[in-house]
Amino acid sequence: MGLVVQKFGGSSVANTERIKNVATRVISERDRGNQVVVVVSAMGDLTDELIALAHQVGSNPPDREMDMLLTTGEQQSAALLAITLCSMGCPAVSLTGWQSGIMTDSIHCRARITEIKPDRIKEELNQGKVVVVAGYQGISPQGDLTTLGRGGSDTTAVALAAVLKADICDIYTDVDGVFTADPRIVKNASKLDVVSYDEMLELASLGAVVLQPRAVEFAMQHKVKVQVRSSFKLETGTLVMEAEKMENNRVVSGVAHDLNVAKVALFDVPDRPGIARAVFKALADANINVDMIVQAAMRDERNDIAFTITKDDLPRALPVVERVCREIGASGTAYGEDLAKVSIVGSGMMSNPGVAATMFAALADEGINIQMISTSEIKVSCIIAADEIERAVNALHAAFNL
Ligand code: ADP
Ligand code: ASP
Ligand code: MG
(Lines give C-alpha, C1' and ligand atoms only; values in the text may rest on other atoms or scores of the structure.)
(Ligands and ions follow the chains in the order given, each with its own letter.)
Protein backbone atom coordinates (compact mmCIF):
# COMPACT_ATOMS: atom_id res chain seq x y z
CA MET A 1 0.00 0.00 0.00
CA GLY A 2 1.31 3.47 -0.87
CA LEU A 3 1.09 6.69 1.10
CA VAL A 4 0.12 9.99 -0.47
CA VAL A 5 0.14 13.47 1.07
CA GLN A 6 -2.36 15.84 -0.51
CA LYS A 7 -2.38 19.57 0.27
CA PHE A 8 -5.32 21.81 -0.60
CA GLY A 9 -4.84 25.60 -0.58
CA GLY A 10 -7.28 28.29 0.53
CA SER A 11 -9.17 28.65 -2.74
CA SER A 12 -9.62 24.87 -2.92
CA VAL A 13 -11.49 24.84 0.43
CA ALA A 14 -13.09 28.30 0.11
CA ASN A 15 -16.67 27.07 0.71
CA THR A 16 -18.55 23.88 1.61
CA GLU A 17 -19.15 23.00 -2.07
CA ARG A 18 -15.40 23.05 -2.67
CA ILE A 19 -14.72 21.09 0.51
CA LYS A 20 -17.02 18.37 -0.90
CA ASN A 21 -15.00 18.44 -4.13
CA VAL A 22 -11.82 18.00 -2.06
CA ALA A 23 -13.40 15.09 -0.17
CA THR A 24 -14.17 13.38 -3.49
CA ARG A 25 -10.53 13.69 -4.56
CA VAL A 26 -9.35 12.33 -1.20
CA ILE A 27 -11.70 9.36 -1.44
CA SER A 28 -10.62 8.50 -4.98
CA GLU A 29 -6.96 8.49 -3.85
CA ARG A 30 -7.93 6.13 -1.02
CA ASP A 31 -9.90 3.95 -3.42
CA ARG A 32 -6.69 3.50 -5.41
CA GLY A 33 -5.42 1.64 -2.33
CA ASN A 34 -3.32 4.41 -0.79
CA GLN A 35 -3.16 5.71 2.76
CA VAL A 36 -3.90 9.43 2.62
CA VAL A 37 -2.74 12.33 4.77
CA VAL A 38 -4.42 15.60 3.80
CA VAL A 39 -3.10 19.05 4.72
CA VAL A 40 -5.48 21.99 4.43
CA SER A 41 -5.17 25.78 4.43
CA ALA A 42 -7.71 28.16 5.92
CA MET A 43 -10.85 28.75 3.84
CA GLY A 44 -10.46 31.38 1.07
CA ASP A 45 -9.03 34.64 2.40
CA LEU A 46 -9.74 33.82 6.05
CA THR A 47 -6.12 34.36 7.15
CA ASP A 48 -6.18 37.91 5.69
CA GLU A 49 -9.53 38.55 7.37
CA LEU A 50 -8.23 37.38 10.75
CA ILE A 51 -5.17 39.63 10.39
CA ALA A 52 -7.45 42.58 9.60
CA LEU A 53 -9.61 41.78 12.65
CA ALA A 54 -6.56 41.77 14.91
CA HIS A 55 -5.51 45.20 13.61
CA GLN A 56 -8.99 46.54 14.43
CA VAL A 57 -8.42 45.84 18.11
CA GLY A 58 -4.68 46.58 18.40
CA SER A 59 -2.30 48.57 16.20
CA ASN A 60 0.68 46.37 17.08
CA PRO A 61 -0.68 42.91 18.01
CA PRO A 62 1.83 40.61 19.74
CA ASP A 63 3.09 37.85 17.44
CA ARG A 64 2.18 35.17 19.99
CA GLU A 65 -1.46 36.27 20.01
CA MET A 66 -1.49 36.47 16.20
CA ASP A 67 -0.48 32.81 16.14
CA MET A 68 -3.28 31.90 18.57
CA LEU A 69 -5.70 33.62 16.20
CA LEU A 70 -4.34 32.50 12.82
CA THR A 71 -4.06 28.81 13.71
CA THR A 72 -7.86 28.73 14.14
CA GLY A 73 -8.32 29.23 10.37
CA GLU A 74 -6.69 25.95 9.41
CA GLN A 75 -8.41 24.13 12.30
CA GLN A 76 -11.80 25.08 10.88
CA SER A 77 -11.11 23.69 7.42
CA ALA A 78 -9.48 20.53 8.81
CA ALA A 79 -12.52 19.76 10.97
CA LEU A 80 -14.96 20.62 8.17
CA LEU A 81 -13.15 18.31 5.75
CA ALA A 82 -13.06 15.47 8.30
CA ILE A 83 -16.80 15.92 8.93
CA THR A 84 -17.45 15.89 5.17
CA LEU A 85 -15.37 12.72 4.68
CA CYS A 86 -17.16 10.94 7.55
CA SER A 87 -20.55 11.88 6.12
CA MET A 88 -19.44 10.39 2.78
CA GLY A 89 -18.61 7.11 4.52
CA CYS A 90 -14.85 7.61 4.67
CA PRO A 91 -13.40 7.30 8.20
CA ALA A 92 -11.37 10.45 8.92
CA VAL A 93 -9.89 12.39 11.80
CA SER A 94 -8.64 15.97 11.93
CA LEU A 95 -5.52 16.94 13.87
CA THR A 96 -3.98 20.30 14.76
CA GLY A 97 -0.28 20.88 14.11
CA TRP A 98 0.70 19.98 17.66
CA GLN A 99 -1.48 16.86 17.70
CA SER A 100 0.39 15.86 14.52
CA GLY A 101 3.70 16.19 16.38
CA ILE A 102 4.96 19.24 14.46
CA MET A 103 7.56 20.93 16.67
CA THR A 104 8.95 24.35 15.75
CA ASP A 105 11.29 26.98 17.16
CA SER A 106 9.68 29.82 19.09
CA ILE A 107 9.82 32.60 16.49
CA HIS A 108 6.14 33.43 16.26
CA CYS A 109 4.55 34.15 12.85
CA ARG A 110 7.54 32.71 10.97
CA ALA A 111 8.51 29.63 12.95
CA ARG A 112 10.63 26.89 11.44
CA ILE A 113 9.89 23.21 11.86
CA THR A 114 12.59 21.60 14.02
CA GLU A 115 11.23 18.06 14.33
CA ILE A 116 8.13 15.99 13.55
CA LYS A 117 6.97 13.13 15.77
CA PRO A 118 4.40 11.43 13.54
CA ASP A 119 3.29 8.69 15.98
CA ARG A 120 -0.30 9.91 16.27
CA ILE A 121 -0.66 10.26 12.49
CA LYS A 122 0.68 6.71 11.97
CA GLU A 123 -1.66 5.33 14.65
CA GLU A 124 -4.69 6.90 12.96
CA LEU A 125 -3.58 5.72 9.50
CA ASN A 126 -3.16 2.20 10.84
CA GLN A 127 -6.75 2.33 12.04
CA GLY A 128 -7.76 2.88 8.41
CA LYS A 129 -8.53 6.59 8.71
CA VAL A 130 -7.74 9.49 6.44
CA VAL A 131 -5.78 11.97 8.56
CA VAL A 132 -6.58 15.65 7.94
CA VAL A 133 -3.88 17.93 9.32
CA ALA A 134 -4.35 21.67 9.90
CA GLY A 135 -1.54 23.26 7.87
CA TYR A 136 0.70 26.25 8.64
CA GLN A 137 1.17 25.51 12.35
CA GLY A 138 3.17 23.78 15.05
CA ILE A 139 4.12 24.07 18.70
CA SER A 140 7.12 25.81 20.27
CA PRO A 141 9.38 24.37 23.00
CA GLN A 142 7.42 26.59 25.43
CA GLY A 143 4.19 24.85 24.43
CA ASP A 144 2.81 27.84 22.51
CA LEU A 145 1.13 27.62 19.10
CA THR A 146 3.22 28.93 16.22
CA THR A 147 2.65 29.59 12.51
CA LEU A 148 5.12 28.93 9.69
CA GLY A 149 4.89 32.17 7.69
CA ARG A 150 2.45 32.97 4.88
CA GLY A 151 1.91 30.03 2.55
CA GLY A 152 3.18 27.70 5.30
CA SER A 153 0.71 24.87 4.64
CA ASP A 154 2.90 23.89 1.69
CA THR A 155 5.74 23.34 4.16
CA THR A 156 3.54 21.33 6.52
CA ALA A 157 2.65 19.05 3.61
CA VAL A 158 6.17 18.52 2.26
CA ALA A 159 7.65 18.07 5.74
CA LEU A 160 5.04 15.43 6.56
CA ALA A 161 5.65 13.72 3.22
CA ALA A 162 9.37 13.61 4.07
CA VAL A 163 8.97 12.16 7.55
CA LEU A 164 6.24 9.69 6.51
CA LYS A 165 8.28 8.71 3.41
CA ALA A 166 5.25 9.35 1.22
CA ASP A 167 5.32 8.27 -2.42
CA ILE A 168 4.30 11.75 -3.53
CA CYS A 169 3.21 15.11 -2.13
CA ASP A 170 0.46 16.58 -4.33
CA ILE A 171 -0.02 20.33 -3.89
CA TYR A 172 -3.54 21.12 -5.14
CA THR A 173 -4.14 24.78 -5.98
CA ASP A 174 -6.08 27.19 -8.23
CA VAL A 175 -3.70 26.95 -11.22
CA ASP A 176 -2.76 23.90 -13.32
CA GLY A 177 0.87 23.79 -12.18
CA VAL A 178 4.01 25.90 -12.17
CA PHE A 179 3.98 28.31 -15.12
CA THR A 180 6.71 30.21 -16.97
CA ALA A 181 5.38 33.32 -15.15
CA ASP A 182 2.43 34.13 -12.88
CA PRO A 183 -0.53 33.30 -15.16
CA ARG A 184 -2.44 36.22 -13.60
CA ILE A 185 0.12 38.65 -15.05
CA VAL A 186 1.20 36.93 -18.27
CA LYS A 187 -1.85 35.72 -20.17
CA ASN A 188 0.09 33.39 -22.47
CA ALA A 189 2.32 31.86 -19.76
CA SER A 190 2.73 28.14 -20.27
CA LYS A 191 2.68 25.26 -17.81
CA LEU A 192 5.99 23.52 -17.14
CA ASP A 193 5.80 19.71 -17.05
CA VAL A 194 8.89 19.47 -14.85
CA VAL A 195 11.01 21.93 -12.92
CA SER A 196 14.18 21.19 -10.92
CA TYR A 197 14.35 21.69 -7.16
CA ASP A 198 16.96 24.43 -7.64
CA GLU A 199 14.88 26.32 -10.17
CA MET A 200 11.75 25.96 -8.05
CA LEU A 201 13.60 27.18 -4.96
CA GLU A 202 14.72 30.30 -6.84
CA LEU A 203 11.28 30.90 -8.38
CA ALA A 204 9.56 30.51 -4.99
CA SER A 205 12.10 32.67 -3.17
CA LEU A 206 11.81 35.35 -5.85
CA GLY A 207 8.05 35.69 -5.50
CA ALA A 208 6.28 32.76 -7.24
CA VAL A 209 3.88 32.14 -4.33
CA VAL A 210 2.64 28.86 -5.82
CA LEU A 211 5.01 27.09 -3.37
CA GLN A 212 6.50 28.38 -0.11
CA PRO A 213 10.33 28.43 -0.40
CA ARG A 214 10.73 26.43 2.84
CA ALA A 215 8.60 23.67 1.33
CA VAL A 216 10.94 23.44 -1.65
CA GLU A 217 13.95 23.34 0.70
CA PHE A 218 12.42 20.38 2.54
CA ALA A 219 11.62 18.64 -0.73
CA MET A 220 15.16 19.12 -1.98
CA GLN A 221 16.81 17.95 1.25
CA HIS A 222 14.66 14.84 1.58
CA LYS A 223 14.13 14.15 -2.15
CA VAL A 224 10.35 14.38 -1.78
CA LYS A 225 8.56 14.02 -5.10
CA VAL A 226 6.27 17.07 -5.31
CA GLN A 227 3.56 17.72 -7.86
CA VAL A 228 1.77 21.08 -8.19
CA ARG A 229 -1.66 20.56 -9.78
CA SER A 230 -5.19 21.89 -10.08
CA SER A 231 -7.90 21.08 -7.52
CA PHE A 232 -10.52 21.47 -10.19
CA LYS A 233 -9.05 19.40 -13.06
CA LEU A 234 -7.86 15.81 -13.29
CA GLU A 235 -4.85 16.46 -15.54
CA THR A 236 -1.33 16.04 -14.17
CA GLY A 237 0.45 19.18 -13.08
CA THR A 238 4.14 20.11 -12.70
CA LEU A 239 6.64 17.68 -11.19
CA VAL A 240 9.40 19.18 -9.06
CA MET A 241 12.43 16.91 -9.27
CA GLU A 242 16.21 16.58 -9.37
CA ALA A 243 17.87 18.39 -12.28
CA GLU A 244 19.93 15.30 -13.18
CA LYS A 245 16.74 13.42 -14.00
CA MET A 246 15.48 16.12 -16.34
CA GLU A 247 16.03 15.69 -20.06
CA ASN A 248 17.10 19.17 -21.01
CA ASN A 249 18.16 22.18 -19.04
CA ARG A 250 16.38 25.27 -20.26
CA VAL A 251 18.43 28.46 -20.34
CA VAL A 252 15.56 30.40 -18.76
CA SER A 253 12.63 28.47 -17.24
CA GLY A 254 10.58 31.27 -15.82
CA VAL A 255 10.09 34.86 -14.76
CA ALA A 256 9.19 35.65 -11.15
CA HIS A 257 8.15 38.91 -9.57
CA ASP A 258 7.76 40.18 -6.03
CA LEU A 259 5.98 43.32 -4.87
CA ASN A 260 6.84 42.74 -1.22
CA VAL A 261 10.05 44.76 -1.49
CA ALA A 262 11.32 47.79 0.43
CA LYS A 263 14.63 49.61 0.07
CA VAL A 264 16.54 51.16 2.97
CA ALA A 265 19.60 53.42 2.58
CA LEU A 266 22.26 54.70 4.97
CA PHE A 267 24.16 57.81 3.81
CA ASP A 268 27.78 58.84 4.42
CA VAL A 269 28.78 55.72 6.24
CA PRO A 270 32.46 55.78 7.41
CA ASP A 271 34.69 53.69 5.10
CA ARG A 272 36.40 51.32 7.55
CA PRO A 273 36.34 47.63 8.49
CA GLY A 274 33.46 46.50 10.71
CA ILE A 275 30.85 48.95 9.45
CA ALA A 276 28.96 46.45 7.27
CA ARG A 277 29.04 44.02 10.17
CA ALA A 278 27.54 46.62 12.52
CA VAL A 279 24.66 47.31 10.12
CA PHE A 280 23.81 43.78 9.09
CA LYS A 281 24.43 42.10 12.44
CA ALA A 282 21.91 44.46 14.05
CA LEU A 283 19.36 43.49 11.40
CA ALA A 284 20.12 39.78 11.79
CA ASP A 285 19.73 40.07 15.57
CA ALA A 286 16.25 41.51 14.94
CA ASN A 287 15.47 38.50 12.69
CA ILE A 288 15.26 40.63 9.56
CA ASN A 289 16.32 39.01 6.31
CA VAL A 290 18.33 41.26 4.00
CA ASP A 291 18.14 40.52 0.29
CA MET A 292 20.18 42.71 -2.09
CA ILE A 293 22.97 44.96 -0.84
CA VAL A 294 24.66 47.78 -2.77
CA GLN A 295 27.55 49.87 -1.49
CA ALA A 296 27.99 52.99 -3.60
CA ALA A 297 31.22 54.73 -4.59
CA MET A 298 33.43 56.08 -1.87
CA ARG A 299 34.08 59.83 -1.52
CA ASP A 300 36.04 61.46 1.32
CA GLU A 301 36.17 58.07 3.06
CA ARG A 302 32.39 57.88 3.20
CA ASN A 303 30.07 55.40 1.44
CA ASP A 304 26.35 55.00 0.91
CA ILE A 305 24.88 51.56 1.67
CA ALA A 306 21.46 50.53 0.35
CA PHE A 307 19.71 47.20 0.81
CA THR A 308 16.34 45.57 0.29
CA ILE A 309 14.11 43.71 2.75
CA THR A 310 10.46 42.67 2.62
CA LYS A 311 7.87 45.42 3.14
CA ASP A 312 6.50 43.38 6.05
CA ASP A 313 9.81 43.78 7.89
CA LEU A 314 10.10 47.56 7.28
CA PRO A 315 8.38 48.71 10.51
CA ARG A 316 10.75 46.54 12.55
CA ALA A 317 13.81 47.44 10.48
CA LEU A 318 13.56 51.25 10.57
CA PRO A 319 14.21 51.72 14.31
CA VAL A 320 17.15 49.30 14.07
CA VAL A 321 18.66 51.16 11.11
CA GLU A 322 18.17 54.56 12.78
CA ARG A 323 19.91 53.30 15.91
CA VAL A 324 22.85 51.92 13.90
CA CYS A 325 23.01 55.16 11.91
CA ARG A 326 23.64 57.11 15.13
CA GLU A 327 26.10 54.53 16.47
CA ILE A 328 28.35 54.49 13.40
CA GLY A 329 28.09 58.19 12.67
CA ALA A 330 26.31 58.01 9.30
CA SER A 331 24.59 61.21 8.16
CA GLY A 332 21.06 59.85 7.67
CA THR A 333 18.68 57.17 6.42
CA ALA A 334 15.95 56.91 3.80
CA TYR A 335 13.55 54.24 2.65
CA GLY A 336 11.29 53.49 -0.32
CA GLU A 337 8.36 51.12 -0.74
CA ASP A 338 7.17 51.65 -4.33
CA LEU A 339 9.49 48.95 -5.59
CA ALA A 340 9.33 45.50 -7.08
CA LYS A 341 11.78 42.77 -7.98
CA VAL A 342 11.68 41.01 -11.32
CA SER A 343 13.83 37.92 -11.88
CA ILE A 344 14.66 35.36 -14.53
CA VAL A 345 15.49 31.81 -13.42
CA GLY A 346 16.95 28.88 -15.33
CA SER A 347 19.50 26.16 -14.65
CA GLY A 348 20.97 26.44 -18.16
CA MET A 349 21.95 30.05 -17.49
CA MET A 350 25.37 29.27 -16.06
CA SER A 351 26.60 27.83 -19.35
CA ASN A 352 25.04 30.52 -21.55
CA PRO A 353 26.72 33.92 -21.65
CA GLY A 354 24.63 36.96 -22.54
CA VAL A 355 21.50 36.07 -20.60
CA ALA A 356 21.80 39.08 -18.28
CA ALA A 357 22.48 41.35 -21.26
CA THR A 358 19.28 40.11 -22.96
CA MET A 359 17.37 40.86 -19.76
CA PHE A 360 18.74 44.40 -19.44
CA ALA A 361 18.05 45.06 -23.13
CA ALA A 362 14.42 43.90 -22.79
CA LEU A 363 13.89 46.23 -19.82
CA ALA A 364 15.66 49.13 -21.56
CA ASP A 365 13.48 48.70 -24.65
CA GLU A 366 10.45 49.18 -22.37
CA GLY A 367 12.05 52.31 -20.88
CA ILE A 368 12.26 50.63 -17.47
CA ASN A 369 15.00 51.88 -15.14
CA ILE A 370 16.96 49.32 -13.12
CA GLN A 371 17.75 50.42 -9.56
CA MET A 372 19.64 47.37 -8.26
CA ILE A 373 20.89 44.10 -9.77
CA SER A 374 21.83 40.79 -8.21
CA THR A 375 22.84 37.51 -9.80
CA SER A 376 23.51 33.89 -8.89
CA GLU A 377 24.41 30.91 -11.07
CA ILE A 378 20.80 30.36 -12.06
CA LYS A 379 19.06 33.73 -11.67
CA VAL A 380 19.28 37.44 -12.40
CA SER A 381 17.13 39.88 -10.40
CA CYS A 382 16.47 43.58 -10.91
CA ILE A 383 14.78 46.09 -8.63
CA ILE A 384 12.47 48.42 -10.58
CA ALA A 385 9.50 50.72 -9.87
CA ALA A 386 6.44 48.79 -8.67
CA ASP A 387 4.10 50.29 -11.29
CA GLU A 388 6.29 48.93 -14.09
CA ILE A 389 6.19 45.32 -12.94
CA GLU A 390 3.49 43.99 -15.30
CA ARG A 391 5.25 45.45 -18.35
CA ALA A 392 8.59 44.10 -17.13
CA VAL A 393 7.34 40.55 -16.57
CA ASN A 394 5.60 40.45 -19.95
CA ALA A 395 8.61 41.93 -21.77
CA LEU A 396 10.99 39.35 -20.25
CA HIS A 397 8.56 36.51 -20.93
CA ALA A 398 8.57 37.54 -24.59
CA ALA A 399 12.33 38.23 -24.77
CA PHE A 400 13.18 34.69 -23.66
CA ASN A 401 10.46 33.06 -25.83
CA LEU A 402 8.76 31.41 -22.87
P1 ADP B 1 -3.03 28.25 -2.48
O2 ADP B 1 -4.09 29.00 -1.75
O3 ADP B 1 -3.53 27.05 -3.20
O4 ADP B 1 -1.84 27.96 -1.61
P5 ADP B 1 -1.55 30.44 -3.68
O6 ADP B 1 -2.33 31.67 -3.95
O7 ADP B 1 -0.67 30.44 -2.48
O8 ADP B 1 -2.56 29.21 -3.66
O9 ADP B 1 -0.65 30.06 -4.95
C10 ADP B 1 -1.24 29.96 -6.23
C11 ADP B 1 -1.03 31.24 -7.00
O12 ADP B 1 0.36 31.43 -7.29
C13 ADP B 1 -1.67 31.27 -8.37
O14 ADP B 1 -3.01 31.67 -8.32
C15 ADP B 1 -0.79 32.26 -9.15
O16 ADP B 1 -1.38 33.53 -9.31
C17 ADP B 1 0.45 32.42 -8.29
N18 ADP B 1 1.70 32.23 -9.04
C19 ADP B 1 2.75 33.09 -9.02
N20 ADP B 1 3.72 32.68 -9.83
C21 ADP B 1 3.31 31.52 -10.37
C22 ADP B 1 3.89 30.59 -11.31
N23 ADP B 1 5.12 30.77 -11.84
N24 ADP B 1 3.17 29.49 -11.64
C25 ADP B 1 1.94 29.28 -11.12
N26 ADP B 1 1.34 30.12 -10.26
C27 ADP B 1 2.00 31.22 -9.87
N1 ASP C 1 -3.54 30.24 5.52
C2 ASP C 1 -2.14 30.59 5.49
C3 ASP C 1 -1.91 31.75 4.55
O4 ASP C 1 -2.85 32.28 3.99
C5 ASP C 1 -1.25 29.43 5.17
C6 ASP C 1 -1.44 28.83 3.78
O7 ASP C 1 -2.45 29.09 3.14
O8 ASP C 1 -0.57 28.09 3.35
O9 ASP C 1 -0.79 32.18 4.39
MG1 MG D 1 -0.14 29.06 -1.00
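All figures in this text were calculated on a predicted structure; none of them were measured in a lab.

Participant: Requested: an account of the overall build of the chain, with residues and values cited.
Facilitator: Counting its regular elements, the chain contains eleven helices and 18 strands. Computed over C-alpha atoms, the radius of gyration of the chain comes to 22 Å, within 12% of the 21 Å expected from 2.2 N^0.38 for 402 residues, which places it in the range of a compact globule. Expressed along its principal axes, the backbone C-alpha trace of the chain runs to roughly 75 × 50 × 35 Å. Counting all 402 residues of the chain, 52% fall into the buried class. Once local pairs closer than 6 in sequence are excluded, the contacts in the chain between residues at least 24 apart make up 74%. Split by element, the accessible area of the chain, about 18,100 Å² in all, is 50% carbon and sulfur.

Participant: How would you sum up the sheet that holds strand β6 (residues 130-134)? Please name residues and give values.
Facilitator: Strand order in the open sheet made by the eight strands is β3-β6-β2-β1-β9-β11-β12-β10, with mixed pairing throughout. Because the sheet does not close on itself, it has two edges, and the strands there are β3 (92-95) and β10 (194-196). Strand after strand, the sheet turns through a mean of 20° between neighbouring axes, direction not considered. Taken together, the five bridges between strand β9 (residues 168-173) and strand β11 (residues 226-230) define a ladder with parallel strand orientation. Of the residues in β11, the one forming a bridge with Cys-169 is Val-226. Each of β10 and β12 (238-241) touches helix α6 (residues 197-205); the most contacted strand, β10, lies at about 85° to it.

Participant: Please give an account of the site of ligand 2 that cites residues and values.
Facilitator: Surveying the vicinity of ligand 2 reveals the residues Ser-41, Thr-47, Glu-74, Tyr-136, Arg-150, Gly-151, Gly-152 and Ser-153. At a separation of 2.9 Å, an oxygen atom of ligand 2 approaches a polar backbone atom of Gly-151. Separating an oxygen atom of ligand 2 from a backbone N or O atom of Ser-153 is a distance of 3.0 Å. Its free accessible area being 260 Å², ligand 2 has 86% of it covered by the protein chains.

Participant: Provide a residue-level description of the site of ligand 1, including the pertinent values.
Facilitator: Taken together, 16 residues lie near ligand 1, and Thr-173, Asp-174, Phe-179, Asp-182 and Arg-184 sit nearest. Lys-7 is positioned with one of its side-chain polar atoms (N or O) 3.1 Å from an oxygen atom of ligand 1. For ligand 1, an oxygen atom lies 2.6 Å from a polar atom in the side chain of Arg-184. In the complex, 86% of the free accessible area of ligand 1, which totals 570 Å², lies under the protein chains. Residues of the shell around ligand 1, tallied by class, amount to eight nonpolar, four polar and four charged.

Participant: Tell me about the packing of aromatic side chains, and please be specific about residues and values.
Facilitator: Summed over the entire model, instances satisfying the criterion amount to two aromatic pairs. Note on Phe-8 and Tyr-172: the rings are 4.6 Å apart at their centroids and 10° apart in plane angle, and the pair reads as stacked. Taken together, the positions of Phe-8 in strand β1 (residues 3-8) and Tyr-172 in strand β9 put the pair 164 residues apart, joining distant regions of the chain. Residue Tyr-172 is classed as buried on the basis of its relative accessible area of 2%. Judged by centre distance (5.4 Å) and plane angle (75°), the rings of Phe-280 and Phe-307 are edge-to-face. Remark: Phe-307 occurs in strand β15 (residues 302-309) and Phe-280 occurs in helix α8 (residues 275-285); sequence separation between them is 27 residues. Looking at Phe-307, the relative accessible area reads 0%, which means it is buried.

Basis of the calculations
Residues numbered from 1 in each chain as written. Chains lettered and ligands numbered in written order. Predicted model: local features only at pLDDT ≥ 70, side-chain atom pairs only at ≥ 80, totals over all residues. Heavy atoms only, no water. Helix = DSSP H or I, 4+ residues; strand = E, 2+ residues; numbered from the N terminus. Rg over C-alpha atoms; globule rule 2.2 N^0.38 Å. Buried < 20%, exposed > 50% of the residue type's maximum accessible area, 1.4 Å probe, protein only. Contact = heavy atoms within 4.5 Å. Areas by Shrake-Rupley, 256 points an atom, 1.4 Å probe, with all protein chains shown as cover. Pairing = 2+ DSSP bridges. Axes fitted to C-alpha atoms, helices over the stretch in contact; angles between N-to-C directions. Near = heavy atom within 4 Å. Polar contact = N/O pair within 3.5 Å; in protein donor to acceptor, adjacent residues only side chain to side chain. Nonpolar A, V, L, I, M, F, W, Y, C, P; charged D, E, K, R; others polar. Phe/Tyr/Trp six-rings, centres within 6.5 Å; stacked < 30°, edge-to-face > 60°.

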